[in-house]
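# Residue-level structure breakdown
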Amino acid sequence: MGLDLPGSVSFERLQAPFESASDALALARFDARLRSSPVAEAFVLRAHFHHACAALWRAGEFVQI
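So, here is what we can say about the structure in this document. These figures come from a predicted structure and were not determined experimentally.

## Brief notes about the overall build of the protein chain
- The secondary structure content of the protein chain amounts to two helices and zero strands.
- By the burial criterion, 5% of the 65 residues in the protein chain qualify as buried.
- As displayed, the protein chain offers around 6200 Å² of accessible surface, 62% of which is attributable to carbon and sulfur atoms.

So this is what it looks like as structure tokens:
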């Protein structure tokens, strides 16, 4: 059982918007779960640390994690 699309609509044209919507939904669900989690603050601090290390690494600094 497949989906019959009209000839003027191609899967390649629809693939990017569907993937973007799916990613946005997954991120929204993750944010909602993180808000109610007891480890939310630690997760956010760790994410900021890794982001700072990545920024230093891109700037050419030696970063040891």
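## Examining the packing of aromatic side chains
- Applying the stated criterion across every chain yields a total of one aromatic pair.
- Residues Phe30 and Phe43 carry aromatic rings whose centres are separated by 5.5 Å and whose planes lie at 70° to one another, so their mutual orientation is edge-to-face. One end of the pair, Phe30, is in helix α1 (residues 11-35); the other, Phe43, is in helix α2 (residues 40-58), and 13 residues separate them in sequence.
- Classification of Phe43 as partly exposed rests on a relative accessible area of 39%.

## Some points on a nonpolar patch on the surface
- Nonpolar side chains collect at one region of the surface, where Leu27, Phe30, Phe43 and Val44 lie side by side and expose about 350 Å² of accessible area between them.
- Where the nonpolar patch is concerned, the elements lending two or more residues are α1 and α2.
- Note on placement: Val44 falls in helix α2.
- Residue Val44 is classed as partly exposed on the basis of its relative accessible area, which comes to 34%.

Cut-offs and rules
- Residues numbered from 1 in each chain as written.
- Predicted model: local features only at pLDDT ≥ 70, side-chain atom pairs only at ≥ 80, totals over all residues.
- Heavy atoms only, no water.
- Helix = DSSP H or I, 4+ residues; strand = E, 2+ residues; numbered from the N terminus.
- Buried < 20%, exposed > 50% of the residue type's maximum accessible area, 1.4 Å probe, protein only.
- Areas by Shrake-Rupley, 256 points an atom, 1.4 Å probe, with all protein chains shown as cover.
- Phe/Tyr/Trp six-rings, centres within 6.5 Å; stacked < 30°, edge-to-face > 60°.
- Patch = residues over 30% accessible without salt bridge, like charges linked within 9 Å, V, L, I, M, F, W, Y side chains within 5 Å.
- Salt bridge = Lys/Arg side-chain N within 4 Å of Asp/Glu carboxyl O.

Remember that the coordinates give geometry; whether it matters functionally is a separate question.
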